[in-house]
Amino acid sequence: MTFTVVTTPGNCPGNYIETRTWIAIDNCDNATTHVQKITFVDDEPPVFSNVPVDMTVDCSNIPPIVDPTATDNCSGVFIAFNEAFLPGPCAGNFTLTRTWVAEDDCGNSVSVQQVVVVTNDSEPQFDSVPGDITVECDNIPTAPTLTANDCGANVDVTYTEVRIDGLRPHVVRTWTVQMIAAIQQR
């Protein structure tokens, strides 16, 4: 009895034909041959694991990109990533759609997504503010220029100053921040 195996490659590593041949020969040189052909076809896409879950977060707490993993039953896997930005009704409100596509060596592919809804629930914050001071009435310092931010978006700072005369004259300085209606791009 003899046994041989011949492998014929296909169009990708997971597609091939294996030809198994058995030859039985008796003592009188009579022979019988049996051939079995096994066709291997890779038609299953890769399988993802550790896919990040959808979430809603404040703009100050956007999660980093955490790539899932993918495996395939027959061959290697290539993973492509894309992040799409969809603006919301105001700066600081938007949606990130993170998409991963896994493709094996035979062109089978599967995709998964994580949707991150980003909200702006916090008030703008001044980068620094001056404290209250006491000065001589003829030595009032110039008002500093203040800056502020809100979720990385541009913020407009307005300034007003009111002088109040009387028994205890004083100056009230007010800085107000308001978001500029602009689309934030990532």
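Read on for an overview of the structure. Keep in mind it's a predicted model, so treat the numbers as computed, not measured. (Residues numbered from 1 in each chain as written. Predicted model: local features only at pLDDT ≥ 70, side-chain atom pairs only at ≥ 80, totals over all residues. Heavy atoms only, no water.)

### Some points on the packing of aromatic side chains
Step number 1: Within the structure shown, the criterion is met by five aromatic pairs.
Step number 2: For the ring pair F3 and W22, a centre distance of 5.0 Å and an interplane angle of 40° mean the geometry is tilted. A residue pair is termed long-range when its members are at least 10 positions apart, and F3 in strand β1 (residues 2-12) and W22 in strand β2 (residues 15-25) qualify at 19 residues.
Step number 3: Note on Y16 and F40: the rings are 4.4 Å apart at their centroids and 20° apart in plane angle, and the pair reads as stacked. Note that Y16 is positioned in strand β2 and F40 in strand β3 (residues 31-40), a separation of 24 residues in sequence. (Phe/Tyr/Trp six-rings, centres within 6.5 Å; stacked < 30°, edge-to-face > 60°. Helix = DSSP H or I, 4+ residues; strand = E, 2+ residues; numbered from the N terminus.)

### Side note on the pairing of strand β8 (residues 94-104)
Step number 1: The buried count for β8 comes to eight of 11 residues, which makes it a mostly enclosed element.
Step number 2: Inspection of the sheet shows strand β7 (residues 77-87) paired to β8 by 11 bridges, in the antiparallel sense. Within the sheet, the bridge partner assigned to A80 lies in β8 and is V101.
Step number 3: Between β7 and β8, which pair antiparallel and follow one another directly, the connecting turn spans six residues, one of which, G92, has a positive phi of 95°.
Step number 4: Pairing between β8 and strand β9 (residues 109-119): 10 bridges, direction antiparallel. Counted as the bridge partner of L96 is V116 from β9.
Step number 5: Hairpin geometry of β8 and β9 is characterised by an intervening segment of four residues between the two adjacent antiparallel strands and by a positive phi of about 85° at G107. (Buried < 20%, exposed > 50% of the residue type's maximum accessible area, 1.4 Å probe, protein only. Pairing = 2+ DSSP bridges.)

### Focus on the environment of Q113
Step number 1: By the secondary structure assignment, Q113 is in strand β9.
Step number 2: Sequence separation between Q113 and E83 is 30 residues, and the spatial gap between their C-alpha atoms is 9.5 Å.
Step number 3: Not counting residues up to four positions away in its chain, the partners in contact with Q113 are V51, P52, D54, T97, R98, T99 and W100.
Step number 4: Separated by 3.2 Å, the side chains of Q113 and T99 make a polar contact. (Contact = heavy atoms within 4.5 Å. Polar contact = N/O pair within 3.5 Å; in protein donor to acceptor, adjacent residues only side chain to side chain.)

### Describing the nonpolar core
One broad rule of soluble globular proteins: the nonpolar side chains tend to lie buried together.
Step number 1: Ranked by size, the top nonpolar core spans seven residues in total: V57, C59, F94, L96, V116, V118 and C151.
Step number 2: Not counting the four nearest positions on each side in its chain, V116 is found in contact with M55, V57, P63, F94, T95, L96 and R98.
Step number 3: In this structure, A70, W100, A102 and V112 belong to the second largest nonpolar core, which totals five residues. (Core = buried A, V, L, I, M, F, W, Y, C linked by side-chain atoms within 4.5 Å.)

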